[in-house]
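Structural features, examined
Each chain, letter by letter, is given below.
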Amino acid sequence: MRKTLLCAMLAVSAATGAAASESRQDSLYLFSYTTSAANNTTGLHLAWSADGQRWQKIGVEFAFVKSDYGPWGSGKRMYDPVLERMPGGAWACSWLVGKDGKTMALTESRDLLLWKPQDYVSSRAKMGPNRSVPRDTVTFTDGSRAVGRILRVESRVVEDAIAGCELAQYRAAKNAELMKDDPARFKGLKDVSVTVTAQPSAGKAISPDLFGVFFEDINYAADGGLYAELVQNRDFEYTTEGRKRHKDWGPTYAWRTSGGASVEIKTDNPIHANNAHYALLTVSEAGGALANTGYGGIAVEHGKKYRVSVFGKMVGGDNRRVRLALRCKDGRTIGSAAVTLPKSGWRRLEATIKATASDPEAELAVIPEEAGQYAIDMLSLFPYDTFKGRENGLRRDLAQAIADLKPRFVRFPGGCVAHGNGLANIYRWKNTVGPLHERKGMYNIWNYRQSMGLGFYEYFQFCEDIGAEPLPVVAAGVPCQNSSLGGDGQQGGLPLGEEMDEYIQDVLDLIEWANGDKSTTWGRVRAEAGHPEPFGLKYLGIGNEDLISEVFKERFKLIYDAVKARYPDITVIGTAGPFYEGSDYEYGWQFAKELGVPMVDEHYYCPPGWFIHNRDFYDAYDRRGPKVYLGEYASHAPGRPNNMETALTLALYMTELERNADVVSLASYAPLMARRGDTQWTPDMMYFDNTSIRFTTDYYVQRMFGQNAGDTYIPATVAPDNAREDVCLRIGQSIVRDKETGDVIIKLVNLLPVRVDYKLDLGSLVADGTPTQEEHITGTPSDSRAKPLKAEGTINKNHTIGVEPYSFTVIRAKAGSKGKK
Ligand code: AHR
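Residues numbered from 1 in each chain as written. Predicted model: local features only at pLDDT ≥ 70, side-chain atom pairs only at ≥ 80, totals over all residues. Heavy atoms only, no water.

Helices and strands together make up the secondary structure of the protein, namely 16 helices and 44 strands. Taken against the 2.2 N^0.38 rule, which gives 28 Å for 821 residues, the C-alpha radius of gyration of the protein at 30 Å falls within 12% of a compact globule. Across its three principal axes, the protein shows a C-alpha extent of roughly 100 × 80 × 55 Å. With 821 residues in all, the protein has 58% of them scored as buried. Long-range pairs, those at least 24 residues apart, make up 73% of the contacts in the protein with a sequence separation of at least 6. Summed over its atoms, the accessible surface of the protein is roughly 31,900 Å², and 50% of this surface lies on carbon and sulfur atoms. Here the protein contributes 97 positive and 102 negative side-chain charges, whose respective centroids are spaced 2 Å apart. (Helix = DSSP H or I, 4+ residues; strand = E, 2+ residues; numbered from the N terminus. Rg over C-alpha atoms; globule rule 2.2 N^0.38 Å. Buried < 20%, exposed > 50% of the residue type's maximum accessible area, 1.4 Å probe, protein only. Contact = heavy atoms within 4.5 Å. Areas by Shrake-Rupley, 256 points an atom, 1.4 Å probe, with all protein chains shown as cover. Lys, Arg positive; Asp, Glu negative; His and termini not counted. Charge placed at Lys NZ, Arg CZ, Asp CG, Glu CD.)

Here is the structure:
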């Protein structure tokens, strides 16, 4: 987009000519106001007038600044804004964030376009701008009216505001381009021919860790997903908080009694303080049972073995035998084991069940053999066949699907899960390690409970198992900026002093836990959990797209300084907001540069057109400044599908990430996976249920990049035989070399409705007849079912290859085995 900016500016200055010519006078009137449209969420609007009578809106509902207070959706409202000029010429804007008038937002700007991160204060506080200024009512040229405030300003202010608005609208129109309009856009377009001349001697080193994954417990990705536990709510700790999601959510959710049994939830003498609830099962005659129905059923396979375990004890009476049985809906038992509950004192009991039949929707029943009262907690069922056979392990198919992406790193646990909904919801890694029944589960920001069964230990182990670097993220001492549990000040922060100091210590302890040897306090904890060797942590994220407020900055710096002092080799990753522009992005980067943070985490979910028009996004990034971690990105088309349009726009952009991988060190699509029927966010890279996975076109493209990454980028001159800018923007290529294999990897992306013939001049990169492995995906833009096809072939120094309309092709030249097939 930056390249096209000049044309945009020319277009904009033509448009602003009208305002300029009407405004030959030195000053004009500027009117600021908001409206009640969309529940008061449309932000601050501006209009101008030369004579104070005829008022022209600047843009249509164009927001110069929007409220950032409160949760997404119905939050983020603006009432009664006051725009004022400050001494020195900068602007101050304040507004009330709710009808109750209790909380006021404050922000400042130099140019009415880029605003500082907002502060939120009590409207009764004796600070901030004067809000008792008179209000004016104006009638616009379109006949509508609004109440706001009139200021007299230099003409330049109005002209700049109009130019800023028009430029933003010009960019928005480009970003909104969709492939459904290609038939009209490219009517009559002939096949394109592109000559690509590689420059092997100009190869540059790029990040070997570029493509990784971001795993967050959103969409039931962990419990009910990757975490192989088959019992839901195994600890009876679901609370009524979850009724936002399911009306009957609570301690007995996913449990049912049968055969005259009854169940009561008790809290006296629990198995652990972090696991306060348990079930007291009363059975008056043999046959009564308490059963768990899993996540919409428990899927078991004929002949497979399952590890079943339970904490239990008798309440009154002697030791008693209990059958733990897999049952079908028709009551058939398809595998069981017996355990004996002690007459007193909790005991963990474990057995193996072999399934005698397959059933995708079985239940696991606790069936006492005699009447009595049975205390039950932590009923658990795992397949033995987990990924790498690990106990308390991961679902093999899902873990393998992630491994197949060949991720160089795994970011965990969030995202918003890392910083949580309000201070009390900040994710604490120490709550997620140690014996399962002592872990502290938590209701998460995505409105369901996380057991923490897939905790930091399991996460680090998984990284090691798939050869990926762990990239844990800790909150920067502040919760999510969209927290609904904030109160005045919204974001809030851990109190400075003892509480913050403890938090910083927790962060240092995490590094010791990961990297310390057995002689260290936390290294020993890791070793005792089963991993004597250090995990070799290199990266640590601090913060997640936070509001770059003073509260954030103070806490980030405290954590950052402590980590840097104690562990100078750790690459700390800072944060720069949830968008590719705006206050958190600008001020987040400025702050990171001031502190010298080595890497900054950027997030942006953008329409497909954005990825076409912003291919040069990283070209101007300072190579001497912090590196980039593009921690969350996805192509969001209307309706949020995954299809060839979303996948190919990302393929195009990813070739640019490779080209810029001297400054972009890491990148991960988001979110990674979603449970069908329990999805809070679309699109995702893959969708699963209890027995299957649906891979999306986005998944395939990510896999093609992950499996074909390199560590040297080979620049090339690219000469299409068509000079149209919209054509050239839709053709992409990259060439990388992988040191380890010696392979040269060529990626070709075609976002056009016509064929593109690539004439490749590869020079010394390959010998004639070099064998290749090729992978290719194509389909119409709306195709959501396309799959890649593989082929083998050979490549020559001078090679022509035609690629189909709307396609992505990877050619892996086995240059290490020159000339041989
Ligand atoms: O990827 C889903 C969410 O998007 C992440 O939790 C958050 O960081 C972002 O807003």
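Having seen it, we continue.
What follows concerns the site of the ligand. Around the ligand sit 14 residues, and of these Glu 216, Cys 416, Glu 545, Tyr 605 and Glu 632 come closest. Here an oxygen atom of the ligand and a side-chain polar atom of Glu 216 are 2.6 Å apart. Here Glu 545 contributes a side-chain N or O atom positioned 2.7 Å from an oxygen atom of the ligand. For the shell around the ligand, the residue count by class is eight nonpolar, three polar and three charged. (Near = heavy atom within 4 Å. Polar contact = N/O pair within 3.5 Å; in protein donor to acceptor, adjacent residues only side chain to side chain. Nonpolar A, V, L, I, M, F, W, Y, C, P; charged D, E, K, R; others polar.)

Let us look at helix H9 (residues 498-515). Here H9 contains 18 residues, and its C-alpha end-to-end distance of 26 Å stays within 8% of the 26 Å for a straight helix at 1.5 Å per residue. Looking at H9, one finds that the buried residues are Met 500, Tyr 503, Ile 504, Asp 506, Val 507, Leu 508, Asp 509, Leu 510, Ile 511, Glu 512, Trp 513 and Ala 514. On the buried face of H9, the contacting elements are helix H8 (456-466), strand S27 (469-474), helix H10 (521-528), strand S28 (539-542) and helix H11 (550-566). (Expected span 1.5 Å × (residues − 1).)

Next up on the list: the pattern of salt bridges. Across all of its chains, the model carries 56 salt bridges by this definition. For the salt bridge of Arg 234 with Glu 229, the shortest nitrogen-to-oxygen distance reads 2.8 Å. According to the relative accessible area criterion, Arg 234 is buried, its value standing at 4%. Taking the shortest distance from any N to any O, the salt bridge between Arg 320 and Glu 370 comes out at 3.5 Å. (Salt bridge = Lys/Arg side-chain N within 4 Å of Asp/Glu carboxyl O.)

Turning our eyes to something else, we now look at the confidence of the model for the protein. Residues of the protein with pLDDT of at least 70 account for 94%, and the chain-wide mean is 94. Taken together, the stretch residues 3-18 has pLDDT below 50 and engages in 16 contacts with residues farther than four places along the chain or on a different chain. (pLDDT = per-residue confidence, 0-100.)

With that settled, the discussion passes to a negative patch on the surface. A contiguous patch of negative charge, built from Glu 498, Glu 499, Asp 501 and Glu 502, is present on the exposed surface. Within the element layout of this structure, Glu 499 appears in helix H9. Taking relative accessible area as the criterion, Glu 499 reaches 41% and is therefore assigned partly exposed. (Patch = residues over 30% accessible without salt bridge, like charges linked within 9 Å, V, L, I, M, F, W, Y side chains within 5 Å.)

What follows is about the sheet that holds strand S35 (residues 693-695). Judged by pairing direction, the sheet is mixed, and its three strands sit side by side in the order S33-S34-S35 without closing on themselves. Whereas interior strands pair on both sides, the edge strands pair on one side only; in this sheet they are strand S33 (673-675) and S35. Between one strand axis and the next, the sheet turns by 20 degrees as a mean value, whatever way the strands run. Strand direction decides the pairing type here: S33 and strand S34 (residues 686-688), joined by three bridges, are parallel. Considered in S34, the bridge of Ala 674 is made with Tyr 687. Sheet strands touched by helix H6 (residues 396-403): S33, S34 and S35. Its angle to S35, the strand with the most contacts, is close to 20 degrees. (Pairing = 2+ DSSP bridges. Axes fitted to C-alpha atoms, helices over the stretch in contact; angles between N-to-C directions.)

So, about the packing of helix H14 (residues 644-659) against helix H15 (residues 697-706). Running from N to C, H14 and H15 point in directions that differ by 20 degrees, and their axes come no closer than 8 Å. Relative to H15, H14 is oriented roughly parallel. As H14 packs across H15, the resulting crossing turns out to be right-handed. Together, Met 644, Thr 646, Ala 647, Leu 650, Ala 651, Met 654, Thr 655 and Glu 658 of H14 and Thr 697, Asp 698, Val 701, Gln 702 and Phe 705 of H15 make up the contact between the two elements. (Parallel < 35°, antiparallel > 145°, perpendicular 65-115°, else oblique. Left-handed = near helix turned anticlockwise from the far one by under 90°.)

Here a ring pair, both rings aromatic, is described through the centre-centre distance and the interplanar angle of the planes. Counted by the stated rule, this structure contains 59 aromatic pairs. Arranged with centres 5.7 Å apart and planes meeting at 70 degrees, the rings of Phe 556 and Phe 591 form a pair that is edge-to-face. Note that Phe 556 is positioned in helix H11 and Phe 591 in helix H12 (residues 583-595), a separation of 35 residues in sequence. The same class applies to Phe 556 and to Phe 591, which are both buried. Centroid distance Tyr 580 to Phe 617: 6.4 Å. Interplanar angle 85 degrees. Geometry classified as edge-to-face. Of the two residues, Tyr 580 is situated in the loop between strand S29 (571-575) and H12 and Phe 617 in the loop between helix H13 (608-613) and strand S31 (627-635); the sequence distance between them amounts to 37 residues. Like Phe 617, Tyr 580 is buried. Directly above the ring of Tyr 29 sits Arg 152, whose terminal nitrogen or CZ lies 4.2 Å from the centroid. (Phe/Tyr/Trp six-rings, centres within 6.5 Å; stacked < 30°, edge-to-face > 60°. Lys NZ or Arg CZ within 6 Å of the ring centre and 35° of its normal.)

Turning to its location among the elements, Asp 622 is positioned in the loop between H13 and S31. The spacing of Asp 622 and Gln 505 is 117 residues in sequence and 33 Å in space, taken between C-alpha atoms.

A few words now on the sheet that holds strand S18 (residues 305-314). Taking strand neighbours across the sheet as the criterion, the five strands line up as S14-S15-S23-S18-S21 in an open arrangement whose pairing is antiparallel. Of all the strands in the sheet, just strand S14 (262-266) and strand S21 (347-354) have a single pairing partner and so form its edges. Shown here is a sheet whose adjacent strand axes are inclined to one another by a mean of 35 degrees, direction ignored. Across five bridges, the pairing between S14 and strand S15 (residues 278-283) is antiparallel. Looking at the pairing, Ile 265 lines up with Ala 279 of S15.

Side chains of nonpolar character tend, in soluble globular proteins, to be buried together. If you look at the biggest cluster of nonpolar residues, it comprises 146 residues, and the most contacted ones within it are Phe 215, Trp 513, Tyr 604 and Tyr 618. Residues in contact with Tyr 604, not counting those within four places in the same chain, are Pro 578, Phe 579, Tyr 580, Trp 610, Phe 611, Phe 617, Tyr 618, Leu 630, Glu 632, Tyr 633, Ala 634 and Tyr 653. Among the nonpolar cores identified, the runner-up in size contains 35 residues, and Phe 236, Ala 261, Leu 281 and Tyr 374 belong to it. (Core = buried A, V, L, I, M, F, W, Y, C linked by side-chain atoms within 4.5 Å.)

Looking along the chain, the bond that leaves Phe 412 and enters Pro 413 is cis, with omega of 0 degrees. In this structure, Pro 413 sits in the loop between strand S24 (409-412) and helix H7 (416-419). Residue Gly 415 is reached from Gly 414 by a cis peptide bond, and omega for that bond is 15 degrees. Unusually for a residue other than glycine, Asp 80 sits at a positive phi of about 55 degrees. Following the sequence through the fold, Asp 80 ends up in strand S4 (residues 79-85). According to the relative accessible area criterion, Asp 80 is partly exposed, its value standing at 35%.

Working definition: the covalent bond between the sulfur atoms of two cysteines is a disulfide. Counted according to the given criterion, the structure contains zero disulfides. Cysteine Cys 93 remains unbridged, with the sulfur of Cys 165 as its closest cysteine sulfur at 16 Å. (Disulfide = S-S within 2.5 Å.)

Of note, Gly 52 is situated in the loop between strand S2 (45-49) and strand S3 (56-57). Put simply, Gly 52 and Ile 150 are 98 residues apart on the chain and 8.7 Å apart in space, counted from C-alpha to C-alpha.

Okay, the side chain of Thr 107 next. With respect to the secondary-structure elements, Thr 107 resides in strand S6 (residues 103-109). Relative accessible area serves as the criterion here: at 5%, Thr 107 is assigned to the buried category. A polar side-chain atom of Thr 107 sits 2.6 Å from the main-chain carbonyl oxygen of Lys 116. When neighbours within four sequence positions are excluded, Thr 107 is seen to be in contact with Val 65, Trp 91, Ala 92, Cys 93, Trp 95, Trp 115, Lys 116, Pro 117 and Gln 118.

Burial in H10 covers these residues: Trp 522, Gly 523, Arg 526 and Ala 527. The arc that holds the buried residues of H10, viewed along the axis, is 150 degrees, so those residues lie on one side. The inward-facing, buried residues of H10 contact H8 and H9. Of the residues trailing H10, Gly 530 is marked for its positive phi of about 125 degrees. (Arc of directions from axis to C-beta.)

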